[in-house]
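Fold and geometry: a report
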Amino acid sequence: MAFKLTYGTMSDPPQEMHDKFDQALENVKQNLGREYPMIINGENRFAEEKHQAFSPINTNLHLATFQKGTAKDADDAVAAAKAAFPNWKAMNWEERVYLMRKFADRISARIYEISAAVSLEVGKNRMEALGDVAETEDLIRWAADMMEQNNGYRKPLGSDPLVGMSSTNESILKPYGVWVVIVPFNFPASLAGGPVGNALVAGNTVVLKPASDSSWTASLLVECAQEAGIPDGVLNLVTGSGSTLGNALTANEDVAGITFTGSLDVGMGIYRQFANRKYPHPVILELGGKNPTIVSRNADLDLAAEGVMRSAFGLQGQKCSATSRVFVEKPVYDAFVSKLVANTSAIQIGDPTEQENWFGPVINRKAYQDYGNYVAELAAAGTILTGGKQLIEGELAKGFYCAPTVVADVPLGHRLWKEEMFLPIVMVTPVDDLKQAMELANDVDYGLTAGFVGTPDETEWFFDHVEAGTVYSNRPQGTTTGAWPGFQSFGGWKGSGSAGKNGGGYYYLPLYMHEQSRTRVKRA
Ligand code: NDP
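Quantities reported herein were computed from a predicted structural model and do not represent experimental measurements.

1. Section: the overall build of the protein chain
When its secondary structure is counted, the protein chain shows 14 helices and 22 strands. Relative to the globule expectation of 24 Å for 524 residues, the C-alpha radius of gyration of the protein chain, 24 Å, shows essentially globular dimensions. The dimensions of the protein chain, computed from C-alpha atoms along their principal axes, are 80 × 60 × 50 Å. Each of the 524 residues in the protein chain was classed as buried or not, and the buried ones make up 59%. Excluding contacts between residues fewer than 6 apart, the proportion of contacts in the protein chain whose partners are at least 24 apart in sequence is 75%.

See below:
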């Protein structure tokens, strides 16, 4: 069987992948320093103010120059998307599916180059970066497949029993109009490409705003869309700060719907802002997490320690799905914790573009400083079992490196059991039994992912009681992380998301369309 890259398989890729990545990295590094425009109605748009992007791996490494777009740029992008909407929606859905598959093909053709950029820009290790870009392609293809499998979402309804007349009834899903997609830094490819792919295949036109820390990836993706022949104005790109440009997008009354992926606070602000409009508009929010793993007294502890280590510290703990709380039944607590500490201490830290390093820097100076503040607070409240310091030895001093950290003995009432830190810090505690573990697991405002390690019977009980949208059991590749479109749909409950339907699953694409029921009556 040919190798299929997913987050589940990425720990053991063929050497060819490494070789191609190395080659692409070399090319990308030789061409650093380019200036990227915004793209509005297919045209390059430059702003007066620029954002200079440096790598979190080495803060002297200048990656590229981006535009600091203004509220006027946001409004122009929405106007361009609005003007492009009539033709894009009038196109047969089959043509849109064709174009979206071409878009995915272009991403596939440039996967190594884009992954090298992701790795340099975000500090992901090379396999995480490749995973992010491969997932983008798969999310777009999945959206196209769903459109096709559902025949463009045009389906017959029953004929009502009218005397002397016949009725032909059908349901059709239609696009809303201009859709804004706002993206966080941590999955700069897939969290842009996934919502963009769904919005476009549904027939909406899009304005895309990436995070300020990851505008490079978005710029490369939009190049792929242009190469695929997606018409001007259908996908527009604006770059700049969330508080000015992002806010102007969400305030624009011509925006019909939005997908926001990011923090709970910013997401709730957008949700409230949309609620103040003249009438309701769709808002798809994918927000933070405070994801638990529960370890049963019957667990395979090697598997548990491996899976927790991967989920707590993959991408330096900056995954919305990262394990941040571990509840362990008392009889196996000490044994589990010593295995987790051993695994964590063995993590290879360094420049994540290099093959041997699994763990890179955190995204920026603010995250680096937040880490310092959190570990100081946790050291005062509990015990740091491993990690707990910013890393400043040798080459690491050039970037934002922080040690992966395991913390114990923090009282259960402490605020950091409930607040998302979004950093490489995991908190562990013993519990009396699974019932107590479940109460603690669910006692947060979030409900994104959750993991369990134990027996099959216990697993079914866990699935039935845990409040989260994406759940796993006995997964050494990651107890709470690593969803892949078509294999695991991904989304959150409670404060982790508003849609109630998961991306990369069967029910997500219809969120981008509203239904029209059509009844045609004739005399018999
Ligand atoms: P932020 O909420 O800080 O930012 C997300 C995006 O929103 C960025 O593009 C940001 O722009 C923009 N933004 C900020 N303020 C506004 C505003 N007032 N109006 C409009 N847009 C705005 O999140 P991070 O980028 O730090 O990402 C981390 C968060 O994302 C975590 O909470 C994580 O759990 C969550 N996340 C959720 C996922 C899910 O699927 N549920 C997946 C991945 C991450 P700028 O960068 O310019 O500030």
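2. Focus: the site of the ligand
Taken together, 31 residues form the shell around the ligand, and within it Ser212, Ser263, Leu287, Cys320 and Glu420 come nearest. For the ligand, an oxygen atom lies 2.5 Å from a polar atom in the side chain of Ser212. Contacts to the ligand include Gly240, whose backbone N or O atom sits 3.4 Å from an oxygen atom. For the ligand, whose accessible area on its own is 910 Å², the fraction buried by protein is 84%. When residues of the shell around the ligand are traced back to their parent elements, those giving at least two are α8 (242–251), β11 (255–261) and α9 (264–275). Looking at the shell around the ligand, the element that brings in the most residues is α8, giving three residues.

3. Description of helix α11 (residues 330–345)
The end-to-end C-alpha separation of α11 is 23 Å, in line with the 22 Å expected for 16 residues at 1.5 Å each. Of all the bends in α11, the largest measures some 25° and sits at Phe336. Looking at α11, one finds that the buried residues are Val332, Tyr333, Phe336, Val337, Leu340, Val341 and Thr344.

4. So, the sheet that holds strand β16 (residues 405–408)
One open sheet accounts for seven strands, arranged β15-β16-β17-β14-β13-β19-β20; its pairing is mixed. Edge strands, defined here as strands with exactly one partner in the open sheet, are β15 (383–386) and β20 (470–473). With direction set aside, neighbouring strand axes in the sheet form an average angle of 20°. Pairing analysis gives five bridges linking strand β13 (residues 291–295) to strand β14 (residues 323–329), with the strands arranged parallel. Across the sheet, the residue bridging to Thr293 is Val326, located in β14. Of the strands in this sheet, β15, β16 and β17 (425–431) touch helix α12 (residues 365–381), which is tilted by about 25° from β17.

5. Here we look at the packing of aromatic side chains
Taken as a whole, this structure holds 13 aromatic pairs when the rule is applied. When the ring of Trp142 is compared with that of Tyr506, the centres are 5.8 Å apart and the planes differ by 45°; the resulting orientation is tilted. Of this pair, Trp142 sits in helix α5 (residues 126–149) while Tyr506 sits in the loop between β21 (493–494) and β22 (513–523), placing them 364 residues apart in sequence. Seen in terms of ring centroids, Trp179 and Tyr512 are 4.7 Å apart; in terms of plane orientation they differ by 45°. Their pairing is tilted. Note that Trp179 is positioned in strand β8 (residues 178–182) and Tyr512 in the loop between β21 and β22, a separation of 333 residues in sequence.

6. Side note on the pattern of salt bridges
Tallied over the entire structure, the rule returns 33 salt bridges. Residue Asp132 is joined to Lys124 by a salt bridge in which the shortest nitrogen-to-oxygen separation is 3.2 Å. Each member of the pair, Asp132 together with Lys124, is buried. Taken together, the salt bridges that share partners define one network made up of Arg34, Arg106, Arg110, Glu113, Glu223 and Glu227.

7. Quick notes on the nonpolar core
Ranked by size, the top nonpolar core spans 116 residues in total, and within it Phe103, Leu200, Val206, Leu208, Trp216 and Ile425 carry the most contacts. Excluding anything up to four places from it in sequence, Phe103 contacts Ile140, Val196, Leu221, Cys224, Ala225, Ala228 and Ile230.

8. Re the packing of helix α3 (residues 93–109) against helix α6 (residues 190–202)
Angle between the axes and distance between the axes are the two parameters that describe a pair of packed helices. Two elements in contact, α3 and α6, have axes whose closest approach is 9 Å; the angle formed by their N-to-C orientations is 155°. By the angle class used here, α3 and α6 are roughly antiparallel. In this structure, the crossing between α3 and α6 has a hand that is right-handed. Residue-level contacts link Arg96, Val97, Met100 and Phe103 of α3 to Val196, Gly197, Leu200, Val201 and Ala202 of α6. A per-class count over the contact of α3 with α6 returns seven nonpolar, one polar and one charged.

Thresholds, definitions, all that
Residues numbered from 1 in each chain as written. Predicted model: local features only at pLDDT ≥ 70, side-chain atom pairs only at ≥ 80, totals over all residues. Heavy atoms only, no water. Helix = DSSP H or I, 4+ residues; strand = E, 2+ residues; numbered from the N terminus. Rg over C-alpha atoms; globule rule 2.2 N^0.38 Å. Buried < 20%, exposed > 50% of the residue type's maximum accessible area, 1.4 Å probe, protein only. Contact = heavy atoms within 4.5 Å. Near = heavy atom within 4 Å. Polar contact = N/O pair within 3.5 Å; in protein donor to acceptor, adjacent residues only side chain to side chain. Areas by Shrake-Rupley, 256 points an atom, 1.4 Å probe, with all protein chains shown as cover. Expected span 1.5 Å × (residues − 1). Bend = angle between axes of the 7 residues up to and from the residue. Pairing = 2+ DSSP bridges. Axes fitted to C-alpha atoms, helices over the stretch in contact; angles between N-to-C directions. Phe/Tyr/Trp six-rings, centres within 6.5 Å; stacked < 30°, edge-to-face > 60°. Salt bridge = Lys/Arg side-chain N within 4 Å of Asp/Glu carboxyl O. Core = buried A, V, L, I, M, F, W, Y, C linked by side-chain atoms within 4.5 Å. Parallel < 35°, antiparallel > 145°, perpendicular 65-115°, else oblique. Left-handed = near helix turned anticlockwise from the far one by under 90°. Nonpolar A, V, L, I, M, F, W, Y, C, P; charged D, E, K, R; others polar.

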